[in-house]
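Secondary and tertiary structure notes
These are the residues of each chain, in order.
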Amino acid sequence: MPAPLVVQKYGGSSVADADRIKRVARRIARERAAGNDLVVVVSAMGDTTDELLGLAAAVTDDPDPRELDVLLATGEHQSATLLSMALHAQGVAAISLTGPQAGITTDGRYGKARIADIQPSRVRLEIEAGKVVIVAGFQGRSAAAVGQSEITTLGRGGSDTTAVALAAALGADRCQVFTDVRGIYTADPRLVPKARQLPVIGYEEMLELAHQGAQVMQVRAVELGWVNDVVIEVLSSFEDAPGTLIREDPLVEQRNKVRGLAHDRNVAKVTIVAVPDRPGVARSIFEPLAEAGVNVDMIVQNVGHGGATDLSFTVPRAELARGKKVLEPIVRELGARELTTDASVGKVSIVGAGLHNAPGYAARMFGTLADAGVNIEMISTSEVRITCIVAEDELETALRALHDAFELERPEAVDVAAAG
Ligand code: ADP
Ligand code: ASP
Ligand code: MG
């Protein structure tokens, strides 16, 4: 019988300095001593990725995407090699591999590549040779022939995806994501002190929380877990405490309809005031934005008055400058009155798989925000969430009020059964 295979991922704060790397090495050594084979995915140390982005920005306003990805990938090379050395120092056989060496190929899009395939033969060989395999997260090579392929990175938080994808490709027995909180909470525990840790959360609800800004898991990692049936255990690397399981949730119908809250500060609002109200206008605005790679999220068009209407939508903050450049000439051509933007808004969402057949939740959300004195600037809904745009400095107030109103601190009876 081969030993059980465990894939572990350690986030940036877990490997932020030499002492923390040594501590992670000790944890791995314990796991190894217990008889498990291990593949360990690491993020870059601490804020390294932000620092590298800052260096690039200090050199140029418009860094070449290819060079930027090669630069960013080095963050994970650092932490992978250092962790391997720390294991050697503790007498544990280990080897670090880059994403490409681990057999990870991508669709080649710089900065937001998706994993296209994994051929982990080298990883398997090293496991068979008795080594702990450390894989640099957040990267892979584009699918071109080896001599022509390029390093590509998987988007912020991409090491989560490296870990889940490797767990799926290797048929791992466990997939553990170690981070700086104990698991998945009903809201970001840094903003909502009463947030409650969930013992288990279904893929669908976790996916929606991630989509709406809960950065604890990258969206793509949850998708891959769902498609490949990988149970993902999220837990703290700083304490020995039970984590949260992300998996198919058989009890989803029996739960409180609101499972958790998510928020996102990476939002900017764009309004085009008094656009002529005629066919084709929406296309002439949104087609060029799409072509420029600007991701438009919520869109609200008001009822027209006197042949004109206001059109508002949101874009990621980092794409606002690019969006404005695209829109300015269009706004002039259309004869709209003006283009206004607001980068100090945020998004707050209530998420739950059962929201769509439970009327009253929207009204309760809006009423709660009103009572808390928070003005709602835009609203959008789907089957599993209701989202409001509010002023960024009111996000925290909004989250805390909603957490109270939906009684999210109260444990659910079904959790005990589901965690078993
Ligand atoms: P890592 O560096 O380990 O990848 P991240 O910073 O990417 O860690 O993700 C962990 C952070 O996610 C937590 O510190 C927490 O502030 C934030 N977070 C947001 N929403 C949630 C949530 N619902 N549950 C737990 N953490 C959350
Ligand atoms: N280092 C990358 C980031 O900061 C990837 C990751 O941490 O998952 O986004
Ligand atoms: Mg992360």
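Small disclaimer: the values here were computed from a predicted structure and weren't measured. (Residues numbered from 1 in each chain as written. Chains lettered and ligands numbered in written order. Predicted model: local features only at pLDDT ≥ 70, side-chain atom pairs only at ≥ 80, totals over all residues. Heavy atoms only, no water.)

Right, let's get into the overall build of the protein chain. Across its full length, the protein chain carries twelve helices and 18 strands. Expected size for 420 residues packed as a compact globule is a radius of gyration near 22 Å; at 23 Å, the protein chain falls within 12% of this value. Judged by the C-alpha coordinates and their principal axes, the protein chain covers about 75 × 55 × 35 Å. Sorting the 420 residues of the protein chain into buried and exposed places 51% on the buried side. (Helix = DSSP H or I, 4+ residues; strand = E, 2+ residues; numbered from the N terminus. Rg over C-alpha atoms; globule rule 2.2 N^0.38 Å. Buried < 20%, exposed > 50% of the residue type's maximum accessible area, 1.4 Å probe, protein only.)

As a structural note, the neighbourhood of ligand 1 is formed by 17 residues, with Thr-179, Asp-180, Tyr-185, Asp-188 and Arg-190 the closest of them. For ligand 1, an oxygen atom lies 2.8 Å from a polar atom in the side chain of Arg-190. Taken by itself ligand 1 offers 580 Å² of open surface, and the protein chains cover 89% of this. Of the residues belonging to the shell around ligand 1, the class tally is eight nonpolar, five polar and four charged. (Near = heavy atom within 4 Å. Polar contact = N/O pair within 3.5 Å; in protein donor to acceptor, adjacent residues only side chain to side chain. Areas by Shrake-Rupley, 256 points an atom, 1.4 Å probe, with all protein chains shown as cover. Nonpolar A, V, L, I, M, F, W, Y, C, P; charged D, E, K, R; others polar.)

Phi is positive for Phe-138, which is not a glycine, with a value near 75°. Relative to the helices and strands, Phe-138 resides in the loop between β6 (132-136) and β7 (139-142). Given the relative accessible area of 4%, Phe-138 is considered buried. In the Ramachandran plot, Ala-274 falls in the positive-phi region, its phi being about 55° despite a non-glycine side chain.

Running from N to C, helix α1 (residues 18-33) and helix α3 (residues 65-89) cross one another at 60°; their axes reach a closest spacing of 9 Å. Viewed along their axes, α1 and α3 adopt a mutual orientation that is oblique. Viewed along their axes, α1 and α3 form a crossing whose handedness is right-handed. Of α3, the residues touching α1 (which contributes Ile-21, Val-24, Ala-25, Ile-28 and Ala-29) are Leu-82, Leu-83, Ala-86 and Leu-87. Looking at side-chain class alone, the contact of α1 with α3 contains nine nonpolar, no polar and no charged residues. (Axes fitted to C-alpha atoms, helices over the stretch in contact; angles between N-to-C directions. Parallel < 35°, antiparallel > 145°, perpendicular 65-115°, else oblique. Left-handed = near helix turned anticlockwise from the far one by under 90°. Contact = heavy atoms within 4.5 Å.)

Our next topic: the packing of aromatic side chains. Across all of its chains, the model carries four aromatic pairs by this definition. On the numbers, 4.7 Å between centres and 5° between planes, the contact of Tyr-10 with Phe-178 is stacked. With a gap of 168 residues between them, Tyr-10 in strand β1 (residues 5-10) and Phe-178 in strand β9 (residues 174-179) connect regions that are remote in the sequence. Looking at Tyr-10, the relative accessible area reads 0%, which means it is buried. On the basis of relative accessible area, Phe-178 is assigned to the buried category, the value being 2%. (Phe/Tyr/Trp six-rings, centres within 6.5 Å; stacked < 30°, edge-to-face > 60°.)

This part is about the site of ligand 2. In the neighbourhood of ligand 2, the contacting residues comprise Ser-43, Ala-44, Thr-49, Glu-76, Phe-138, Arg-156, Gly-157, Gly-158 and Ser-159. Taking Ser-43, its side chain carries an N or O atom lying 3.0 Å from an oxygen atom of ligand 2. At 3.0 Å, a backbone N or O of Ser-159 approaches an oxygen atom of ligand 2. Starting from 260 Å² of accessible surface for ligand 2 in isolation, the protein chains cover 86%. By residue class, the composition of the shell around ligand 2 is two nonpolar, five polar and two charged.

Take Gln-212: it is sitting in the loop between α6 (203-211) and α7 (219-228). The contacts of Gln-212, once residues within four sequence positions are left out, are Ala-262, His-263, Asp-264, Lys-347, Ser-349, Arg-385 and Thr-387. At a separation of 3.2 Å, a polar atom in the side chain of Gln-212 contacts the side chain of Lys-347.

Turning to helix α9 (residues 320-334), a few remarks are in order. For an α-helix the count is 3.6 residues per turn, leaving residues at separations of three or four pointing the same way. An ideal rise of 1.5 Å per residue puts 21 Å on 15 residues; α9 measures up with 20 Å between its terminal C-alpha atoms. At Leu-327, α9 shows its largest kink, close to 30°, and the proline Pro-329 lies no more than four residues downstream. Burial in α9 covers these residues: Leu-320, Gly-323, Val-326, Leu-327, Ile-330, Val-331 and Leu-334. At the C-terminal side of α9, Gly-335 shows a positive phi close to 75°. (Expected span 1.5 Å × (residues − 1). Bend = angle between axes of the 7 residues up to and from the residue.)

For sheets, the rule is that strands pair by backbone hydrogen bonds, running either parallel or antiparallel. Across the sheet, six strands lie side by side as β14-β15-β13-β16-β18-β17; this open sheet has antiparallel pairing. A strand with exactly one partner marks an edge of an open sheet, and here the two such strands are β14 (299-301) and β17 (378-382). Across the sheet, the mean angle from the axis of one strand to that of its neighbour is 25°, orientation sign disregarded. Relative to strand β18 (residues 385-391), β17 is paired through five bridges, and the arrangement is antiparallel. Counterpart to Thr-381 in the pairing with β18 is Ile-386. Contacting β13 (260-276), β14 and β15 (308-315), helix α8 (residues 281-291) runs over the sheet at an angle of about 20° to β15. Lying over the sheet, helix α10 (residues 361-371) contacts β16 (338-351), β17 and β18, oriented at roughly 20° with respect to β18. (Pairing = 2+ DSSP bridges.)

Membership of the largest hydrophobic core comes to 43 residues, with the highest contact counts inside it found for Val-39, Val-123, Ile-184, Met-206, Met-217, Ile-232 and Ile-246. Per element, the largest residue contribution to this core is six residues, and it comes from helix α5 (residues 158-170). Sequence-distant contacts of Met-206, defined by excluding residues within four places in its chain, comprise Ile-184, Ile-201, Val-216, Met-217, Val-222 and Ile-246. If you look at the next biggest cluster of nonpolar residues, it comprises 25 residues, including Val-258, Ile-386, Leu-395 and Ala-398. (Core = buried A, V, L, I, M, F, W, Y, C linked by side-chain atoms within 4.5 Å.)

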